[in-house]
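Analysis of the macromolecular model
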Amino acid sequence: MSGHGCCEDEHEPAERGLEYAHYRRIDIKKLQCLNEAREGDGKLVLKPWDQRTDREKHPLQCMCGNNMSLPLLAEAVTVSGTEKETAAVIFLHGLGDSGHGWADAMTAIQLPHVKYICPHAPRIPVTLNMKMTMPSWFDLMGLSPDSPEDEAGIKRAAENIKAIIDHEAKNGIPANRVLLGGFSQGGALSLYTALTCQQQLAGVVALSCWLPLHKSFPQAASASGNRDMPILQCHGEMDPMIPVQFGAMTAEKLKVIVNPQKITFRTYPGLMHSSCPQEMAAVKEFIEKQLPRI
(Lines give C-alpha, C1' and ligand atoms only; values in the text may rest on other atoms or scores of the structure.)
Protein backbone atom coordinates (compact mmCIF):
# COMPACT_ATOMS: atom_id res chain seq x y z
CA MET A 1 0.00 0.00 0.00
CA SER A 2 1.29 3.42 -0.83
CA GLY A 3 1.36 6.15 1.77
CA HIS A 4 1.21 9.02 -0.73
CA GLY A 5 -0.66 11.98 0.67
CA CYS A 6 -0.98 10.64 4.21
CA CYS A 7 0.38 12.81 6.97
CA GLU A 8 2.69 14.51 4.47
CA ASP A 9 2.91 17.98 2.95
CA GLU A 10 3.62 16.53 -0.48
CA HIS A 11 1.14 17.62 -3.17
CA GLU A 12 -0.42 15.16 -5.59
CA PRO A 13 0.71 15.72 -9.19
CA ALA A 14 -1.75 17.72 -11.28
CA GLU A 15 -2.45 14.85 -13.67
CA ARG A 16 -4.05 12.90 -10.78
CA GLY A 17 -6.88 15.43 -10.70
CA LEU A 18 -9.15 13.40 -12.95
CA GLU A 19 -8.14 10.15 -11.33
CA TYR A 20 -9.34 11.45 -7.98
CA ALA A 21 -12.25 13.41 -9.43
CA HIS A 22 -15.45 13.53 -7.43
CA TYR A 23 -18.21 11.61 -9.18
CA ARG A 24 -19.96 14.90 -10.02
CA ARG A 25 -16.90 15.99 -12.02
CA ILE A 26 -16.38 12.91 -14.18
CA ASP A 27 -14.79 13.66 -17.55
CA ILE A 28 -17.36 11.79 -19.65
CA LYS A 29 -15.31 12.06 -22.85
CA LYS A 30 -12.43 10.21 -21.24
CA LEU A 31 -14.72 7.99 -19.13
CA GLN A 32 -12.69 8.67 -16.02
CA CYS A 33 -15.21 6.82 -13.87
CA LEU A 34 -15.26 5.83 -10.23
CA ASN A 35 -13.23 2.67 -10.76
CA GLU A 36 -10.72 1.91 -8.05
CA ALA A 37 -7.70 0.25 -9.66
CA ARG A 38 -4.13 -0.17 -8.50
CA GLU A 39 -0.96 0.96 -10.22
CA GLY A 40 2.25 -1.03 -9.96
CA ASP A 41 3.21 0.90 -6.83
CA GLY A 42 -0.01 -0.14 -5.13
CA LYS A 43 -1.57 3.32 -5.29
CA LEU A 44 -5.34 3.43 -5.75
CA VAL A 45 -6.25 5.34 -8.90
CA LEU A 46 -9.28 5.74 -11.16
CA LYS A 47 -9.19 4.39 -14.69
CA PRO A 48 -11.65 3.33 -17.36
CA TRP A 49 -12.19 -0.42 -17.20
CA ASP A 50 -10.78 -0.98 -20.70
CA GLN A 51 -7.50 0.66 -19.64
CA ARG A 52 -7.04 -1.43 -16.52
CA THR A 53 -3.90 -3.59 -16.52
CA ASP A 54 -5.04 -5.92 -13.72
CA ARG A 55 -8.27 -7.20 -15.33
CA GLU A 56 -6.87 -10.68 -15.95
CA LYS A 57 -5.54 -11.23 -12.45
CA HIS A 58 -8.62 -13.22 -11.56
CA PRO A 59 -11.57 -14.74 -13.43
CA LEU A 60 -14.38 -12.18 -13.46
CA GLN A 61 -17.48 -14.21 -14.14
CA CYS A 62 -20.97 -12.77 -14.21
CA MET A 63 -22.93 -14.41 -11.41
CA CYS A 64 -26.51 -14.26 -12.61
CA GLY A 65 -28.82 -12.71 -10.04
CA ASN A 66 -25.78 -11.82 -7.90
CA ASN A 67 -26.14 -15.28 -6.30
CA MET A 68 -22.40 -15.80 -5.96
CA SER A 69 -21.94 -17.25 -2.47
CA LEU A 70 -19.96 -20.33 -3.49
CA PRO A 71 -18.04 -18.76 -6.41
CA LEU A 72 -17.32 -15.76 -4.18
CA LEU A 73 -15.46 -17.98 -1.74
CA ALA A 74 -13.99 -20.34 -4.33
CA GLU A 75 -12.38 -17.50 -6.29
CA ALA A 76 -11.31 -15.42 -3.28
CA VAL A 77 -7.66 -14.66 -2.64
CA THR A 78 -6.78 -16.33 0.66
CA VAL A 79 -3.70 -15.54 2.72
CA SER A 80 -3.16 -18.58 4.92
CA GLY A 81 -1.81 -18.41 8.45
CA THR A 82 1.68 -19.69 9.23
CA GLU A 83 0.39 -21.70 12.19
CA LYS A 84 -2.96 -23.21 13.16
CA GLU A 85 -5.66 -20.81 11.99
CA THR A 86 -7.94 -19.84 14.86
CA ALA A 87 -9.39 -16.62 13.39
CA ALA A 88 -10.28 -15.06 10.05
CA VAL A 89 -10.47 -11.61 8.48
CA ILE A 90 -12.81 -11.16 5.51
CA PHE A 91 -11.77 -8.00 3.68
CA LEU A 92 -13.81 -6.51 0.82
CA HIS A 93 -12.31 -4.30 -1.90
CA GLY A 94 -13.74 -1.14 -3.42
CA LEU A 95 -15.63 -0.55 -6.66
CA GLY A 96 -13.80 -1.76 -9.77
CA ASP A 97 -10.95 -3.30 -7.77
CA SER A 98 -10.19 -6.93 -6.94
CA GLY A 99 -9.17 -8.84 -3.83
CA HIS A 100 -5.55 -9.07 -4.98
CA GLY A 101 -4.34 -5.63 -3.90
CA TRP A 102 -5.90 -5.93 -0.47
CA ALA A 103 -4.55 -9.46 -0.07
CA ASP A 104 -1.10 -7.91 -0.52
CA ALA A 105 -1.96 -5.30 2.11
CA MET A 106 -3.18 -7.99 4.53
CA THR A 107 -0.01 -10.00 3.97
CA ALA A 108 2.01 -6.96 5.06
CA ILE A 109 0.19 -6.87 8.43
CA GLN A 110 -0.37 -10.62 8.72
CA LEU A 111 -0.76 -12.38 12.07
CA PRO A 112 0.38 -16.03 12.07
CA HIS A 113 -2.88 -17.48 13.48
CA VAL A 114 -5.22 -15.50 11.22
CA LYS A 115 -6.56 -16.43 7.78
CA TYR A 116 -7.26 -13.48 5.45
CA ILE A 117 -10.00 -13.91 2.85
CA CYS A 118 -10.23 -11.28 0.10
CA PRO A 119 -13.12 -12.07 -2.28
CA HIS A 120 -13.66 -10.56 -5.72
CA ALA A 121 -16.94 -8.77 -6.36
CA PRO A 122 -19.02 -9.96 -9.32
CA ARG A 123 -19.15 -7.82 -12.46
CA ILE A 124 -22.39 -5.90 -12.75
CA PRO A 125 -23.55 -2.72 -14.56
CA VAL A 126 -23.03 0.31 -12.30
CA THR A 127 -25.48 3.17 -12.71
CA LEU A 128 -23.03 5.76 -11.33
CA ASN A 129 -20.55 4.85 -14.05
CA MET A 130 -22.92 5.13 -17.00
CA LYS A 131 -23.98 1.49 -16.63
CA MET A 132 -20.48 0.22 -17.37
CA THR A 133 -19.97 -3.36 -16.23
CA MET A 134 -17.29 -3.74 -13.56
CA PRO A 135 -16.60 -5.49 -10.24
CA SER A 136 -19.12 -4.14 -7.75
CA TRP A 137 -20.75 -5.57 -4.63
CA PHE A 138 -24.01 -3.80 -5.46
CA ASP A 139 -25.23 -1.05 -7.77
CA LEU A 140 -24.39 2.57 -6.96
CA MET A 141 -26.59 5.47 -8.07
CA GLY A 142 -24.68 8.23 -6.27
CA LEU A 143 -22.32 8.96 -3.39
CA SER A 144 -24.23 11.49 -1.33
CA PRO A 145 -26.18 10.53 1.83
CA ASP A 146 -29.45 11.25 0.01
CA SER A 147 -28.71 9.27 -3.15
CA PRO A 148 -31.09 6.40 -4.02
CA GLU A 149 -29.69 2.99 -3.05
CA ASP A 150 -29.78 -0.54 -4.40
CA GLU A 151 -31.55 -2.01 -1.38
CA ALA A 152 -32.09 -5.46 -2.89
CA GLY A 153 -28.50 -5.66 -4.13
CA ILE A 154 -27.06 -4.55 -0.78
CA LYS A 155 -29.11 -7.13 1.13
CA ARG A 156 -28.23 -9.87 -1.37
CA ALA A 157 -24.51 -9.03 -1.13
CA ALA A 158 -24.68 -9.05 2.69
CA GLU A 159 -26.24 -12.53 2.64
CA ASN A 160 -23.38 -13.74 0.45
CA ILE A 161 -20.82 -12.44 2.95
CA LYS A 162 -22.76 -14.07 5.78
CA ALA A 163 -22.50 -17.33 3.80
CA ILE A 164 -18.70 -17.06 3.99
CA ILE A 165 -18.96 -16.53 7.76
CA ASP A 166 -21.16 -19.64 8.02
CA HIS A 167 -18.68 -21.62 5.93
CA GLU A 168 -15.79 -20.65 8.20
CA ALA A 169 -17.85 -21.64 11.26
CA LYS A 170 -18.51 -25.09 9.78
CA ASN A 171 -14.77 -25.46 9.23
CA GLY A 172 -13.70 -24.60 12.76
CA ILE A 173 -13.51 -20.80 12.98
CA PRO A 174 -16.59 -19.54 14.90
CA ALA A 175 -18.26 -16.25 14.02
CA ASN A 176 -16.90 -14.52 17.13
CA ARG A 177 -13.40 -15.14 15.71
CA VAL A 178 -14.26 -13.57 12.35
CA LEU A 179 -13.59 -9.89 11.68
CA LEU A 180 -15.11 -8.09 8.68
CA GLY A 181 -13.34 -5.27 6.90
CA GLY A 182 -13.38 -3.33 3.70
CA PHE A 183 -12.45 -0.22 1.75
CA SER A 184 -14.96 2.23 0.22
CA GLN A 185 -17.88 0.19 -1.17
CA GLY A 186 -16.39 -2.90 0.48
CA GLY A 187 -16.24 -1.13 3.84
CA ALA A 188 -19.84 -0.06 3.42
CA LEU A 189 -20.90 -3.66 2.79
CA SER A 190 -18.87 -4.84 5.80
CA LEU A 191 -20.68 -2.40 8.08
CA TYR A 192 -24.12 -3.34 6.78
CA THR A 193 -23.39 -7.08 6.95
CA ALA A 194 -22.10 -6.95 10.52
CA LEU A 195 -24.93 -4.75 11.78
CA THR A 196 -27.58 -7.07 10.34
CA CYS A 197 -25.85 -10.33 11.29
CA GLN A 198 -27.45 -12.38 14.06
CA GLN A 199 -24.12 -14.01 14.90
CA GLN A 200 -21.68 -12.18 17.14
CA LEU A 201 -18.60 -11.11 15.19
CA ALA A 202 -15.16 -10.04 16.41
CA GLY A 203 -15.38 -6.55 14.91
CA VAL A 204 -15.36 -4.41 11.78
CA VAL A 205 -12.67 -2.37 10.00
CA ALA A 206 -14.37 0.30 7.86
CA LEU A 207 -12.02 2.33 5.66
CA SER A 208 -13.09 5.42 3.67
CA CYS A 209 -16.73 4.38 3.59
CA TRP A 210 -20.33 4.98 4.67
CA LEU A 211 -23.27 3.04 6.12
CA PRO A 212 -25.60 1.79 3.37
CA LEU A 213 -29.37 2.09 3.90
CA HIS A 214 -28.60 4.31 6.90
CA LYS A 215 -32.21 5.42 7.21
CA SER A 216 -33.23 1.83 8.03
CA PHE A 217 -31.14 1.88 11.23
CA PRO A 218 -31.30 1.34 14.15
CA GLN A 219 -34.41 -0.75 13.36
CA ALA A 220 -32.50 -2.88 10.84
CA ALA A 221 -30.13 -3.97 13.61
CA SER A 222 -32.87 -5.01 16.04
CA ALA A 223 -32.03 -8.73 15.67
CA SER A 224 -28.27 -8.19 15.42
CA GLY A 225 -25.86 -9.99 17.70
CA ASN A 226 -23.41 -7.12 17.32
CA ARG A 227 -24.77 -4.25 19.40
CA ASP A 228 -21.55 -4.35 21.45
CA MET A 229 -19.18 -4.91 18.53
CA PRO A 230 -15.91 -2.95 18.22
CA ILE A 231 -15.66 -0.85 15.04
CA LEU A 232 -12.54 0.84 13.68
CA GLN A 233 -13.49 3.50 11.17
CA CYS A 234 -10.72 5.34 9.27
CA HIS A 235 -10.99 8.13 6.70
CA GLY A 236 -8.70 10.43 4.73
CA GLU A 237 -9.28 14.11 5.46
CA MET A 238 -8.77 15.01 1.78
CA ASP A 239 -11.00 12.28 0.33
CA PRO A 240 -12.79 13.87 -2.68
CA MET A 241 -15.10 10.90 -3.33
CA ILE A 242 -16.41 9.96 0.08
CA PRO A 243 -15.78 13.24 1.97
CA VAL A 244 -14.56 12.87 5.54
CA GLN A 245 -17.77 14.62 6.65
CA PHE A 246 -19.70 11.58 5.40
CA GLY A 247 -17.41 9.39 7.47
CA ALA A 248 -18.07 11.53 10.54
CA MET A 249 -21.83 11.34 9.92
CA THR A 250 -21.51 7.56 9.69
CA ALA A 251 -19.62 7.44 13.00
CA GLU A 252 -22.38 9.46 14.69
CA LYS A 253 -25.05 7.17 13.23
CA LEU A 254 -23.16 4.09 14.43
CA LYS A 255 -23.23 5.47 17.98
CA VAL A 256 -27.01 5.04 18.12
CA ILE A 257 -26.79 1.49 16.72
CA VAL A 258 -23.98 -0.03 18.78
CA ASN A 259 -22.25 0.78 22.05
CA PRO A 260 -20.67 4.21 21.33
CA GLN A 261 -17.68 3.34 23.50
CA LYS A 262 -16.79 0.60 21.01
CA ILE A 263 -16.48 2.98 18.04
CA THR A 264 -13.11 4.44 17.04
CA PHE A 265 -13.07 7.05 14.25
CA ARG A 266 -9.63 8.10 12.99
CA THR A 267 -8.85 10.60 10.28
CA TYR A 268 -5.61 11.13 8.38
CA PRO A 269 -4.42 14.58 7.21
CA GLY A 270 -3.60 14.79 3.50
CA LEU A 271 -4.98 11.35 2.71
CA MET A 272 -7.27 11.10 -0.29
CA HIS A 273 -9.43 8.11 -1.31
CA SER A 274 -6.72 5.63 -0.46
CA SER A 275 -4.82 4.15 2.46
CA CYS A 276 -1.43 4.80 4.05
CA PRO A 277 1.06 3.06 6.38
CA GLN A 278 -0.25 4.86 9.47
CA GLU A 279 -3.77 3.66 8.74
CA MET A 280 -2.64 0.09 8.08
CA ALA A 281 -0.70 0.10 11.36
CA ALA A 282 -3.95 1.05 13.13
CA VAL A 283 -5.74 -1.78 11.30
CA LYS A 284 -3.09 -4.29 12.40
CA GLU A 285 -3.31 -3.10 16.01
CA PHE A 286 -7.12 -3.42 15.93
CA ILE A 287 -6.97 -6.95 14.49
CA GLU A 288 -4.38 -7.99 17.10
CA LYS A 289 -6.65 -6.72 19.88
CA GLN A 290 -9.88 -8.27 18.59
CA LEU A 291 -8.37 -11.57 17.37
CA PRO A 292 -5.69 -12.50 19.93
CA ARG A 293 -3.90 -15.82 19.72
CA ILE A 294 -5.71 -18.57 21.66
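Residues numbered from 1 in each chain as written. Predicted model: local features only at pLDDT ≥ 70, side-chain atom pairs only at ≥ 80, totals over all residues. Heavy atoms only, no water.

1. A word on the layout of surface pockets
- Put simply, the largest pocket is a space of about 310 Å³.
- In this structure, the largest pocket is lined by 21 residues; those nearest its centre are S144, P145, W210, L211 and H214.
- Considering each element in turn, the lining of the largest pocket owes the most residues, 4 residues, to helix α5 (residues 244-254).
- For the lining of the largest pocket, the per-class residue count stands at 12 nonpolar, 5 polar and 4 charged. (1 Å grid on protein atoms, 1.4 Å probe; cavity = no way out; pocket = protein on both sides within 12 Å on 5 of 7 lines; lining within 4 Å. Points joined across faces, edges and corners; volume = space filled by probe spheres on them. Helix = DSSP H or I, 4+ residues; strand = E, 2+ residues; numbered from the N terminus. Nonpolar A, V, L, I, M, F, W, Y, C, P; charged D, E, K, R; others polar.)

2. A word on the sheet that holds strand β8 (residues 178-183)
- Taken together, the 7 strands give an open sheet; going across it, the order is β3-β5-β4-β8-β9-β10-β11, and neighbouring strands pair in mixed fashion. A strand with exactly one partner marks an edge of an open sheet, and here the two such strands are β3 (77-79) and β11 (263-268). For this sheet, the mean angle separating the axes of adjacent strands, direction not counted, is 15°.
- As judged from the 4 bridges shared by strand β4 (residues 87-92) and strand β5 (residues 114-118), these two strands associate in the parallel manner. Residue pairing in the sheet places A87 in a bridge with V114 of β5.
- Strand contacts of helix α4 (residues 185-195): β4, β8, β9 (203-207) and β10 (231-236), with the helix running at about 145° to β8, the strand carrying the most contacts. (Pairing = 2+ DSSP bridges. Axes fitted to C-alpha atoms, helices over the stretch in contact; angles between N-to-C directions. Contact = heavy atoms within 4.5 Å.)

3. Describing the confidence of the model for the protein chain
- Scored by pLDDT, the protein chain has a mean of 81; 76% of the residues are at 70 or more.
- Here residues 37-42 scores under 50 on pLDDT; set against residues more than four positions off or in separate chains, the count is 15 contacts.
- This stretch, residues 54-69, has a pLDDT under 50; its non-local contacts, to residues over four places away or in other chains, come to 34 contacts. (pLDDT = per-residue confidence, 0-100.)

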